[in-house]
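A closer look at the structure
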Amino acid sequence: MSLIHATAIVDSKAQLAENVELGPYCVIGPNVTIGAGSKIGSHTVIEGHTTIGKDNHIASFAAVGGPPQDMKYRGEPTQLLIGDRNTIREFTTIHTGTAQDAGITRIGNDNWIMAYVHIAHDCQVGDHTIFSSNAQIAGHVQVKDWAIMGGMSGVHQFVRIGQHVMLGGASVLVQDIPPFVIAAGDKATPHGINVEGLKRRGFSSETISALRQAYKTLYKDGLSFEEAKSELQKMVSNHAADPATAEKLAEFHDFIAASTRGIIR
């Protein structure tokens with residue numbers, strides 16, 4: 001029995017692995033590649049220069065690979081790259097990149113993207129993230145591994161969200177969130193380290209304690225931004241005997257030091 005429903009419309013130039021499953025009334029464009037084991041729900045449209053890896057599940061009425069919602073876009077052949085084992089639920093929209101950036105919107109592996117999510121042009125999403133329903137991220141946003149986006153949250157363009165971050169529901173984010181931090185609010189502010197999430201992912205008590213101290217140094221000790229960066233760098237050196245902890249502290253410091261929009265305060 002064919003895995004492609006008789007009502008699906010598949011361009012002859014599209015490249016589909018033999019066991020890709022397409023539901024009723026899907027539309028697949030000419031520059032689309034879909035990897036083995038992927039399942040596409042009914043009425044979903046996949047277009048643009050879009051490559052989708054293995055074992056993805058895209059639910060009904062998603063719009064994937066559409067042109068950017070950017071008035072500078074002039075039809076350049078930009079791309080959307082999606083990795084393996086992602087779940088993308090109903091009515092999600094994900095757009096290709098723009099020529100003003102690298103030209104690629106990228107989503108990694110093992111992400112859980114719930115209904116009505118919007119991922120705009122040129123976004124870079126890592127692995128193991130969760131986007132709760134109605135999370136909306138603007139163009140050029142970076143979301144690192146294991147980050148969690150609360151329902152109805154909104155993220156300003158060019159913002160970076162560090163690994164293991166948790167952003168609360170209905171939050172508005174206009175600046176970077178450092179790794180491991182919880183943030184929430186109609187203008188999101190920091191609320192400590194994501195301790196429970198880090199425990200679930202196997203972080204040692206020593207590493208969590210050090211990250212809590214790093215958070216205190218940045219947010220609670222009354223230091224200037226430059227003073228806090230200097231103290232955080234010292235903390236990395238002071239934990240050299242514990243490479244796992246030193247690595248996480250370095251990630252915290254380096255993310256902050258690289259910020260161009262500033263970090264939430």
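Residues numbered from 1 in each chain as written. Predicted model: local features only at pLDDT ≥ 70, side-chain atom pairs only at ≥ 80, totals over all residues. Heavy atoms only, no water.

Our next topic: the UniProt feature "domain: UDP N-acetylglucosamine O-acyltransferase C-terminal" (unreviewed entry) in the chain. Sequence positions flagged by UniProt for "domain: UDP N-acetylglucosamine O-acyltransferase C-terminal" (unreviewed entry) are, in local numbering, residues 176-264. Helix makes up 56% of residues 176-264 and strand 10%, with an end-to-end C-alpha separation of 6 Å. (UniProt positions renumbered as here; feature names shortened; annotations may be inferred. Helix = DSSP H or I, 4+ residues; strand = E, 2+ residues; numbered from the N terminus.)

This paragraph deals with the environment of T78. For T78, the location among the structural elements is in the loop between β10 (63-66) and β11 (79-82). Counting along the chain gives 23 residues from T78 to D101, while the straight-line C-alpha distance between them is 9.8 Å. A distance of 3.3 Å separates a polar atom in the side chain of T78 from a polar atom in the side chain of T96. Polar side-chain contacts of T78 include one of 2.7 Å to the backbone oxygen of G97. (Polar contact = N/O pair within 3.5 Å; in protein donor to acceptor, adjacent residues only side chain to side chain.)

Turning our attention to the environment of T93. Its location among the elements puts T93 in strand β13 (residues 93-95). With 22 residues separating them along the chain, T93 and M71 place their C-alpha atoms 18 Å apart. Once residues within four sequence positions are removed from consideration, T93 is found in contact with A63, V117, H118 and I119. For T93, the side chain forms a polar contact with the side chain of H118, separated by 2.7 Å. (Contact = heavy atoms within 4.5 Å.)

Between the first and last C-alpha of helix α4 (residues 243-257) there are 20 Å, a value that for 15 residues agrees with the 21 Å anticipated at 1.5 Å per step. Buried-residue contacts for α4 involve β23 (160-161), β26 (181-184), α2 (205-219) and α3 (225-238). (Expected span 1.5 Å × (residues − 1).)

What holds strands together in a sheet is hydrogen bonding between their backbones, with the strands either parallel or antiparallel. The parallel open sheet is built from 8 strands, whose spatial order is β2-β5-β8-β11-β14-β17-β20-β23. The open sheet has two edge strands, β2 (15-16) and β23, and neither has a second partner. In terms of strand pairing, strand β20 (residues 142-143) meets β23 through 2 bridges, oriented parallel. Opposite Q142, over in β23, you have R160 as the bridge partner. (Pairing = 2+ DSSP bridges.)

Looking at the secondary structure, you find S38 in the loop between β5 (32-34) and β6 (39-40). A relative accessible area of 0% places S38 in the buried class. Looking at S38, its side chain comes within polar contact range of the main-chain nitrogen of N56, at 3.1 Å. (Buried < 20%, exposed > 50% of the residue type's maximum accessible area, 1.4 Å probe, protein only.)

What follows concerns the sheet that holds strand β24 (residues 166-167). The 10 strands lie next to each other as β3-β6-β9-β12-β15-β18-β21-β24-β26-β27, forming an open sheet whose pairing is mixed. One side of each edge strand has no neighbouring strand; the edge strands of this open sheet are β3 (21-22) and β27 (189-193). Here 2 bridges tie β3 to β6, and the two strands are oriented parallel to one another. Note on β6: the bridge partner recorded for L22 is I40. In the packing of α2 onto the sheet, the strands contacted are β26 and β27, and the crossing angle to β27 comes to about 150°. (Axes fitted to C-alpha atoms, helices over the stretch in contact; angles between N-to-C directions.)

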